[in-house]
Amino acid sequence: MTVTRKTRLAAAALAVALTVVAGCGSGDAQSSSGSDAPTRVFAADNGEIKIPVKPKRVIATGYAVPALLEAKAPLVGISTWKRGLPMMTTEDRKKYDELPKVAGEQAAETNYEAIAQADPDLIVIGVPKPVLADIDVKRLQEIAPVVAIGPSVPSAWRELSRKQSDAAGALAGFDAARQEYEVKAKQLADKYKAVLPQLKLGHVGAYGEVAKGNFQREFKDSWGTNVAQDIGANYFGQVKVKGGGSKDVSEYPSIEELPTAFAQADAITYSVKPDGSVPPAVKYVLDSPLWKELPAVKAGKTFAFRYTEAATYRAAMKTLDAVDQAFAPLLKK
């Protein structure tokens, strides 16, 4: 009896010891899919990161939110993404509303405790590189592998959203949306090929600062222009001094420079809100006496674009519809 009791006690002690050892080894960002799940090395803005081949519980922030919603990634938490709400499908909006919000609109509004409670096996941060400084990436890495995949110039959403979907193991959903977009863009390019490519276009963006007396001029590959380019729109000129990111494709001249900026424009496009209303920065330009004297304005060649903040293929489908609607008068003889 004594030997048997000692044996049982020894076995129990060994089990406790093994549990403690296993617990000590679990602090190294173990994923919910298990430490033996297949992994791969993924090139991200924050380096070469080992991630699960097939993530099962994904956190998305910033620009990764709409991309991974559309790609049907296995999301368990997201940041808010208010600017994209008007462009979401009913299905994506429903999913967006249901998912726990683990961060706000700004990178600094990251709730690390909420992310930990979501028990992710992958965290996809979709913010520009400079904004990464506002996030405690090391703290997140203690929860799960972190890949930072953020935007550069606005038109880069195409490659950006693909890379985010790839990291989350959701390329099938991404490819379907991209194919649908490309088919539609080609159809519209054919529709306008006789009238659109020949025009020299300028664009007034929505981020001018009225208080400073400036307006935003967007060139090719910017928010208001890049989707229209896919159907043949030709935006002339370039920024005087490249400032990195969106400042490589847009600038902020004073309102007095309006005649100089658009004197050569055959037509001018401008950004409006999703509901068609004119944002203050654009209204400032349209109300200016200088605007009314521009050749394109006098010729009646001005066109309002809705949904200019599309950052995914499905959202950009709405932008294509809006651009088509805006340019329709060009086809009237």
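Residues numbered from 1 in each chain as written. Predicted model: local features only at pLDDT ≥ 70, side-chain atom pairs only at ≥ 80, totals over all residues. Heavy atoms only, no water.

Could you give an account of the pairing of strand E1 (residues 39-44), naming the residues involved and the relevant values?
By the bridge criterion, six bridges tie E1 to strand E2 (residues 47-52) in an arrangement that is antiparallel. Opposite Thr-39, over in E2, you have Pro-52 as the bridge partner. As consecutive antiparallel partners, E1 and E2 are separated by two residues. (Pairing = 2+ DSSP bridges. Helix = DSSP H or I, 4+ residues; strand = E, 2+ residues; numbered from the N terminus.)

Before we move on, could you go through empty space enclosed by the protein and cite the residues and values that matter?
One pass over the structure, following the stated rule, counts three cavities of 30 Å³ or more. Empty space within the largest cavity amounts to approximately 90 Å³. When grouped by side-chain class, the residues that make up the lining of the largest cavity number seven nonpolar, two polar and three charged. (1 Å grid on protein atoms, 1.4 Å probe; cavity = no way out; pocket = protein on both sides within 12 Å on 5 of 7 lines; lining within 4 Å. Points joined across faces, edges and corners; volume = space filled by probe spheres on them. Nonpolar A, V, L, I, M, F, W, Y, C, P; charged D, E, K, R; others polar.)

Lay out the sheet that holds strand E3 (residues 58-62) in plain terms, naming residues and giving numbers.
Strand order in the open sheet made by the five strands is E5-E4-E3-E6-E7, with parallel pairing throughout. The open sheet has two edge strands, strand E5 (101-103) and strand E7 (146-148), and neither has a second partner. When strand polarity is set aside, the average angle formed by the axes of neighbouring strands in this sheet is 25°. As judged from the three bridges shared by strand E6 (residues 122-126) and E7, these two strands associate in the parallel manner. Directly across from Val-124, in E7, lies its bridge partner Val-147. (Axes fitted to C-alpha atoms, helices over the stretch in contact; angles between N-to-C directions.)

Residues and numbers for the pattern of salt bridges, please.
Summed over all chains, the structure comprises 15 salt bridges. Here Arg-158 and Asp-230 are joined by a salt bridge, their closest N and O atoms 2.6 Å apart. With Arg-158 in helix H6 (residues 157-167) and Asp-230 in the loop between helix H8 (226-229) and strand E10 (250-251), this pair connects stretches of sequence that are 72 residues apart. You can call Arg-158 buried: its relative accessible area is 14%. For Asp-230, a relative accessible area of 31% gives the class partly exposed. Between Lys-186 and Asp-190 there is a salt bridge; the shortest N-O distance is 3.3 Å. Here Lys-186 and its partner Asp-190 are both found in helix H7 (residues 171-192), four residues apart, which amounts to about one turn of the helix. Overall, the relative accessible area of 52% leaves Lys-186 in the exposed class. Judged by its relative accessible area of 39%, Asp-190 falls in the partly exposed class. (Salt bridge = Lys/Arg side-chain N within 4 Å of Asp/Glu carboxyl O. Buried < 20%, exposed > 50% of the residue type's maximum accessible area, 1.4 Å probe, protein only.)

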